[in-house]
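# Structural characterization, general
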Amino acid sequence: MATKLLPVVKLATKVGIAGGAVYVAYDSGLLGGSEQGSEALRKARAAVPPAIEEWMKYFGLQTQLPTIPNVEFSPVQAWNSGVRWTISRLSEAPTKASEMTTQGFQFVKNLLK
C-alpha cells in the first residue's frame, strides 16, 4: 500500500514546489513589467548576500563570498525579450497548427489521387 502511495506523494511534492516557485516569482514582480522586474532584481541583490552570510554563521561555515559580478547587459531587457518571444510564439501556435493541418491534409489528399 505504501509503495503505491509514494509516487502520488512525490508528484504532489513536485507540484507544490513548482506552484510555490511560480507564486514567489509572481509575488516578487518577476512576471510583471520591466520596472517590476528590475525592482525585484535590485531587492534580490540586496537581500541574498546577507541571507547567505547568516546561514553560513548558523551552520558554522567560514568562507569569503565572491563579489557580485557587474553585469554588462541588461537582464531586464533580456528577460523581457525572452518573454515577448515566447508569448508571441504561443499566440501564433493555433494559426500555425491550423496551417500545418491543412497542408498535411492536402499532402495526404495528393498522395491518394
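Anyway, here's the lowdown on the structure attached to this text. Keep in mind that what you see is a predicted model, and the values were worked out from it rather than measured. (Residues numbered from 1 in each chain as written. Predicted model: local features only at pLDDT ≥ 70, side-chain atom pairs only at ≥ 80, totals over all residues. Heavy atoms only, no water.)

Let us look at the overall build of the chain. In terms of helices and strands, the chain carries three helices and zero strands. Element order for the chain, N to C, with α for helix and β for strand: α-α-α. A buried classification covers 6% of the 113 residues belonging to the chain. As displayed, the chain offers around 10000 Å² of accessible surface, 67% of which is attributable to carbon and sulfur atoms. (Helix = DSSP H or I, 4+ residues; strand = E, 2+ residues; numbered from the N terminus. Buried < 20%, exposed > 50% of the residue type's maximum accessible area, 1.4 Å probe, protein only. Areas by Shrake-Rupley, 256 points an atom, 1.4 Å probe, with all protein chains shown as cover.)

Moving on to a nonpolar patch on the surface. A contiguous nonpolar surface patch, about 420 Å² in accessible area, is contributed by Val-22, Tyr-26, Leu-30 and Leu-31. Examined against the element boundaries, Val-22 turns out to sit in helix α1 (residues 2-27). (Patch = residues over 30% accessible without salt bridge, like charges linked within 9 Å, V, L, I, M, F, W, Y side chains within 5 Å. Salt bridge = Lys/Arg side-chain N within 4 Å of Asp/Glu carboxyl O.)

On to the packing of aromatic side chains. Evaluated as defined, the whole model comprises three aromatic pairs. Aromatic ring contacts, followed pair by pair, group Trp-55, Tyr-58 and Phe-59 into a single cluster. (Phe/Tyr/Trp six-rings, centres within 6.5 Å; stacked < 30°, edge-to-face > 60°.)

Geometric descriptors of this kind do not, in isolation, establish any biological role.
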